[in-house]
Amino acid sequence: MSLLLNLLGPRRGFEGGLFMPEFKAATARRPIENITADRALFVPLRLAESWQTDIVVSQGERVVRGQRLATACDGRSAHVHAPTSGTIAQFGRVWTPREGYLPCAILEPDGRNESVPRSLAWMSDSFVGQLTDRGVISPSPLAPAAEVLRRASAAGVTELIVSAMETEPYLTADLRTLVEQPGRLIDMTCEIADALGVARALFAMPYRHRRVVKRVTAEAQGRYVEVAALSNRYPQCHPVMLVKTLLDREVPPGGSPLDVGAVVIPLAMVRMAAEAIIDDIPVTHATITVAGDAVEHAGTYRVPVGTPLRALCDRVGLLGPVGQCVWGGPLTGISITRDDAVITADTSAILLFSEFEAREPVPCIHCGWCIEDCPVGVDPALLAQLESESSTDALTVAHLRACIDCGLCSHVCPASLPLSATIQRSRRRLVPGASAAEGGA
Amino acid sequence: MKADLAIQEAQWVPRAAPHRHGGSTHVDVMGSWTLAAGIVGLCGAVLFGPAAAKVLLLAMLAGIGADFVVGYARGRPVVGGLSHASLTGLLLGLTLPATVPWYVPAIGAMVAVVFGKALFGGLGHFVWQPALVGRVIIQIVFWPTLSLGGDNATAPVLAPGHLLIGRLEPAVQVDMPGYTGWQRLPRPDEPALRMERPVSALRAFAEGHIPPDGDLLYTPLLRDRLPPWEDTVFGTVPGPIGATCVLALIVAGLYLIYRGFLRWQLPTAMLAAAGLAAALLPIESGGGDGWDWFPVFAVEQGRAVGVAYVLYHVTAGELMLGAFLLAGDMTTTPMRARGQIVFAAGVGVLTVFMRLYGVLEGECYWSILVMNTLVGVIDRRTKRDVLGMEPA
Ligand code: SF4
Ligand code: SF4
């Protein structure tokens, strides 16, 4: 059925890419479930090593839900708030998959979950100011929401694209949000478009879920948000591909949509903004998909920030030993190597697999699948041979930068070669000034 | 708690994305190719009897054996050894007639594995399809056994009622002009029929060796030298074990296409190009007094003999075997579908060209090897445009 829908779906977009097996059946129909904090939370006091925050609570102090734990020192960092009421037991360090060790506050919940009295909390009236006050962030690229909007304005964007394309297998957090609160998301998209003053606001979502598309389209009726239903060929979710499909503009190698006058905002940021502004609660929870074949109750959960992985596993239940744990999607995610990792606000999924998929690489058998499926059109087999080179020419550098790290080439390679990982390494080594997160999906 | 114990930190090895692989590994690829070749081999064994089965088995075993020896000499097992060596052996066996002495497939498979594959550095590194390298080398070495002329002008195929178990000797010589087809033949006492290979008749015709009958140029060929066309499709004509049964080849090819290990563009382009070349390229009209262009339009006595002639070109000979099993090897074909179209079209045209004007036998094998040589150039010419960059 999905194959037929994909065939009938709108024919526009990019060359390459692949329709993935979805593995979403288990989670797509379960409503988002709230997980309450009943054990100690290890709340990271900043989301990235480079962010600057000042701790504004002290050890032993009682905090309530939504109370600020750390304030951002500048515009490039975000405030952190307490996910529940309780006592600050200690300050320490906690391991996060994306950034490694970060300072954290250990919060012992008292189970009362009292919230902060409203009048105390907020100072700002402007939309962007409200986003800042409530610590709204954008998970990818990782930045405070206000900073994302500021950069977009500075670049003079004319199009806003909100991306609810979850084309990676397993992920359903965006889909569930769309099913449960389409109106709020559209409202918030309009607000963001207003704040940016863009000419067009596009809302990209998968065509495959046509009833959800209908509902969202109905919500958007009469607003200036256009709903664009796209085929869910992976990596349609990537900003570069969205810009290509929706606006037919090509982002230069290593660039971002800002370079071609568009800004792509992940639905997670819109969801956080909606919670922050409409419900008036700061960012203290992450809506994440917990799935994989080792999970007993796979589904989408709203998890307090700072919940340790162990506590989450107890909550969702495990069917057996976990062989591999992934932070994020199965194609672009980061592998979790420690069971004391915590859920951060920029988490989109935790995948627990019973099996560690390791295949022995053999020499390239020249099948051409990696070239055929690469969404940007580089030759991954060729780029992967740069592994042992110490310098290269300008064209190859451009190709290295054009790669968007979608992981498809490694995914399809029958010789099990780690192509995308090798390309990433080569880029870091050979391309001057390229950061590891360049492009990041 | 059970769940707590279930997480064992020691197991969590860091790894780069992606964390899940697609369905197929090189083992699946080789396995499917071997299965497809096996289907064709089975049909060959039915059509040519135990002799054919013996040739195929010997070729496979010799291939596997050679791979082991190479692995032993190198001190480590060869990657994808068993499956790829047996596939190479099997493919080589399919290109041989069932009547060859036992040492031909054995030596051929060893040559294929050692010179075709191991010398280049094993799986994924060779430039020419290994089975065909073996095939052309033994074609030169065992010239008298494998050439199509002289003693080998006629070759046997099992007669009706003797399939699968019959021996190829003694054979009854078929009188071609009166031959109405394999299926209409009454069950003869001898287990096999001996007749000219269709492809030899086509070659002789192209060289002008078949004298015209008055005005009729094509009719003598079709009437007096070739079996009915259905026979070349069902495979009941003499020829290499795997090349005669077109139906089996199509089934094998469709299976590979379905599995995604052969791009449909490749056999399609190859057959279309070969058909087109046969339809357009001129033949020497009898006696050598000029060229007859565009044979496809020939009409004699109200029959579209030209079309029949083209159809024979497509189904007779090794073209089908080449299109579905030999040319499609991943390592020796261009990476992209459009490169493969160029490649396959080249093979098709070259095959027919060599058949019409060349002296080399096994024209399809030679054409594939020639085009294998050009794969690098084709790959360079059929690059994709990179997103966000000026087309080069
Ligand atoms: S990871 Fe890079 S090279 Fe590989 S398919 Fe994706 S874009 Fe192409
Ligand atoms: S997918 Fe793997 S085996 Fe196939 S061409 Fe690319 S690198 Fe080679």
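Residues numbered from 1 in each chain as written. Chains lettered and ligands numbered in written order. Predicted model: local features only at pLDDT ≥ 70, side-chain atom pairs only at ≥ 80, totals over all residues. Heavy atoms only, no water.

(A) Structural detail: the domain arrangement of chain A. Residues and elements named next belong to chain A. Each assigned domain of chain A is listed here: domain 1 (1-284), domain 2 (285-353) and domain 3 (369-430). Each of domain 1 and domain 3 has a C-alpha centre, and these two points are 29 Å apart. Tallying the contact residues gives 13 residues for domain 1 and 13 residues for domain 3. For the pair domain 1 and domain 3, the summed buried surface comes to about 950 Å²; carbon and sulfur atoms form 68% of the total. Among the residues of domain 1 in contact with domain 3, Leu-18, Tyr-234 and Pro-253 are the three that bury the most area, contributing 37% of the side total. (Domains from an automatic or database assignment. Contact = heavy atoms within 4.5 Å. Buried area = accessible area lost by both parts, 1.4 Å probe.)

(B) The arrangement of the side chain of Arg-197 of chain B in detail. All names here are of chain B. Checked against the element boundaries, Arg-197 lands in the loop between β3 (192-196) and α8 (198-206). The buried charged residue Arg-197 lacks any salt bridge partner; its closest oppositely charged side chain belongs to Glu-318, at an N-O distance of 6.9 Å. Leave out the neighbours within four places in its chain, and Arg-197 touches Leu-148, Asn-152, Ala-153, Ala-155, Pro-238 and Gly-239. (Helix = DSSP H or I, 4+ residues; strand = E, 2+ residues; numbered from the N terminus. Buried < 20%, exposed > 50% of the residue type's maximum accessible area, 1.4 Å probe, protein only. Lys, Arg positive; Asp, Glu negative; His and termini not counted. Salt bridge = Lys/Arg side-chain N within 4 Å of Asp/Glu carboxyl O.)

(C) Highlighting the site of ligand 2. Taken together, 13 residues sit near ligand 2, with Cys-364, Cys-367, Gly-368, Cys-370 and Cys-413 of chain A positioned nearest. More than a single chain frames ligand 2: its nearby residues are located in chains A and B. Of the residues assigned to the shell around ligand 2, the class counts are 11 nonpolar, two polar and no charged. (Near = heavy atom within 4 Å. Nonpolar A, V, L, I, M, F, W, Y, C, P; charged D, E, K, R; others polar.)

(D) Geometry of helix α7 (residues 182-196) of chain A. Between its first and last C-alpha, α7 of chain A extends 21 Å over 15 residues, near the 21 Å set by a 1.5 Å rise per residue. Within two residues after α7 of chain A, Gly-197 of chain A carries a phi angle of roughly 65°, on the positive side. (Expected span 1.5 Å × (residues − 1).)

(E) Looking closely at the site of ligand 1. Residues and elements named next belong to chain A. Around ligand 1 sit 14 residues in total, of which Cys-374, Cys-403, Cys-406, Gly-407 and Cys-409 are the nearest. Those elements that provide at least two residues to the shell around ligand 1 are α15 (408-412) and α16 (419-430). The residue inventory of the shell around ligand 1, partitioned by class, reads 11 nonpolar, two polar and one charged.

(F) The side chain of Ser-335 of chain A, seen in detail. Looking at the element boundaries, Ser-335 of chain A is found in strand β20 (residues 334-336). Ser-335 of chain A gets classed as buried once you look at its relative accessible area, which sits at 8%. Sequence-distant contacts of Ser-335 of chain A, that is, excluding residues within four places in its chain, are made with Cys-325 and Val-326 of chain A together with Val-13, Pro-14, Arg-15 and His-19 of chain B.

(G) Looking closely at empty space enclosed by the protein. Residue and element names in this part refer to chain A. All told, the structure shown has 13 cavities of 30 Å³ or more when counted by the stated rule. By volume, the largest cavity amounts to about 150 Å³. Taken together, 14 residues make up the lining of the largest cavity; nearest its centre are Leu-47, His-79, Val-80, Val-283 and Ala-345. Partitioned by chemical class, the residues of the lining of the largest cavity number nine nonpolar, four polar and one charged. (1 Å grid on protein atoms, 1.4 Å probe; cavity = no way out; pocket = protein on both sides within 12 Å on 5 of 7 lines; lining within 4 Å. Points joined across faces, edges and corners; volume = space filled by probe spheres on them.)

(H) Looking closely at the environment of Asp-224 of chain B. Residue and element names in this part refer to chain B. Inspection of the secondary structure assignment puts Asp-224 in helix α9 (residues 219-225). On a C-alpha basis, the gap between Asp-224 and Gly-178 in space is 7.7 Å, while along the polypeptide they are 46 residues apart. For Asp-224, the residues in contact, after removing those within four places along its chain, are Met-176, Pro-177 and Thr-219. A polar contact is formed between the side chain of Asp-224 and the side chain of Arg-223, at a distance of 3.0 Å. (Polar contact = N/O pair within 3.5 Å; in protein donor to acceptor, adjacent residues only side chain to side chain.)

(I) Fine view of the domain arrangement of chain B. Residues and elements named next belong to chain B. Per the domain assignment, the segments making up chain B are domain 1 (28-146) and domain 2 (171-177 + 190-378). One C-alpha centre belongs to domain 1, the other to domain 2, and the line joining them spans 23 Å. In this complex, domain 1 contributes 38 residues to the contact, which on the side of domain 2 involves 37 residues. The contact between domain 1 and domain 2 buries some 3000 Å² in all, and 75% of this surface belongs to carbon and sulfur atoms. Between domain 1 and domain 2 we count zero salt bridges in total. At the junction of domain 1 and domain 2, the tally comes to 10 residue pairs in polar contact (both at pLDDT 80 or more). Secondary-structure elements contributing two or more residues to the side of domain 1 that touches domain 2 are α2 (26-48), α3 (50-74), α4 (81-94), α6 (130-141) and α7 (143-146). It is α2 that provides the largest number of residues to the side of domain 1 that touches domain 2, a total of 13 residues. When grouped by side-chain class, the residues that make up the side of domain 1 that touches domain 2 number 27 nonpolar, nine polar and two charged.

(J) Examining the nonpolar core more closely. Residues and elements named next belong to chain B. By size, the foremost hydrophobic cluster in this structure holds 108 residues, and its most contacted members are Leu-94, Leu-221, Tyr-309 and Leu-325. Two domains each put at least three residues into this core: domain 1 (28-146) and domain 2 (171-177 + 190-378). Not counting the four nearest positions on each side in its chain, Leu-94 is found in contact with Ala-37, Val-40, Gly-41, Leu-56, Pro-240, Ile-241, Gly-242, Ala-243, Leu-321 and Leu-325. (Core = buried A, V, L, I, M, F, W, Y, C linked by side-chain atoms within 4.5 Å.)

(K) View of the interface of chain A and chain B. Between chain A and chain B, the residue contacts involve 66 residues of the former and 46 residues of the latter. The junction of chain A with chain B conceals about 5100 Å² of combined surface from both sides, 58% of it contributed by carbon and sulfur atoms. Area buried by chain A at its contact with chain B is led by Glu-357, Ile-365 and His-366 of chain A, which between them contribute 13% of it. Applying the counting criterion to the chain A and chain B interface returns three salt bridges. For the salt bridge of Arg-336 of chain B with Glu-15 of chain A, the shortest nitrogen-to-oxygen distance reads 3.5 Å. Across the chain A-chain B interface, the total number found is 20 residue pairs in polar contact (both at pLDDT 80 or more). For the side of chain A that touches chain B, the class distribution of residues is 38 nonpolar, 17 polar and 11 charged.

(L) Representation of the sheet that holds β20 of chain A in the model. Residues and elements named next belong to chain A. Strand order in the open sheet formed by six strands is β2-β18-β17-β21-β19-β20, with mixed pairing between adjacent strands. Here the strands that pair on one side only, and so sit at the sheet edges, are β2 (33-34) and β20. Relative to strand β21 (residues 349-353), strand β17 (residues 285-291) runs parallel, the two sharing three bridges. Bridge pairing links Val-290 to Ile-350 in β21. (Pairing = 2+ DSSP bridges.)

(M) Highlighting unusual backbone geometry. Residues and elements named next belong to chain A. The omega angle of the peptide bond from Ser-140 to Pro-141 is -5°, so this bond is cis rather than trans. One can find Pro-141 in the loop between β10 (137-138) and β11 (143-144). The backbone phi angle of Phe-23 is positive, close to 55°, even though this residue is not glycine. With respect to the helices and strands, Phe-23 occurs in the loop between β1 (18-19) and α2 (25-28). The backbone phi angle of Asn-113 is positive, close to 55°, even though this residue is not glycine.

(N) Seen up close, the pairing of strand β16 (residues 262-266) of chain A. Counting buried residues in β16 of chain A gives five out of five residues, a clear majority hidden from the surface. What you see with β16 of chain A is no split at all: Ala-262, Val-264 and Pro-266 of chain A on one side and Val-263 and Ile-265 of chain A on the other are buried throughout.

(O) Representation of the packing of helix α11 (residues 246-259) of chain B against helix α14 (residues 319-326) of chain B. Residues and elements named next belong to chain B. The N-to-C vectors of α11 and α14 enclose an angle of 20°; their axes lie 9 Å apart at closest approach. Between α11 and α14, the angle is such that the two are roughly parallel. Classified by chirality, the crossing of α14 by α11 is left-handed. In this structure, α11 uses Val-246, Leu-249, Ile-250, Gly-253 and Leu-256 to contact α14, whose residues at the interface are Met-320, Leu-321, Phe-324 and Leu-325. (Axes fitted to C-alpha atoms, helices over the stretch in contact; angles between N-to-C directions. Parallel < 35°, antiparallel > 145°, perpendicular 65-115°, else oblique. Left-handed = near helix turned anticlockwise from the far one by under 90°.)

(P) Layout of the packing of aromatic side chains. A full pass over the atoms with the stated rule returns 13 aromatic pairs over all chains. Seen in terms of ring centroids, Trp-369 of chain A and Phe-261 of chain B are 5.8 Å apart; in terms of plane orientation they differ by 20°. Their pairing is stacked. With Trp-369 of chain A in helix α12 (residues 369-373) and Phe-261 of chain B in the loop between α11 and α12 (265-280), the pair connects residues from two separate chains. Under the relative-accessibility criterion, Phe-261 of chain B is labelled buried at 3%. Here the aromatic cluster, defined as three or more aromatic residues joined through ring pairs, consists of Phe-23, Tyr-170 and Phe-353 of chain A. In this structure, Arg-233 of chain A packs its charged tip against the face of Phe-14 of chain A, placed 4.4 Å from the ring centre. One residue, Arg-20 of chain B, lies across the ring of Phe-353 of chain A, its end atom 3.6 Å from the ring centre. (Phe/Tyr/Trp six-rings, centres within 6.5 Å; stacked < 30°, edge-to-face > 60°. Lys NZ or Arg CZ within 6 Å of the ring centre and 35° of its normal.)

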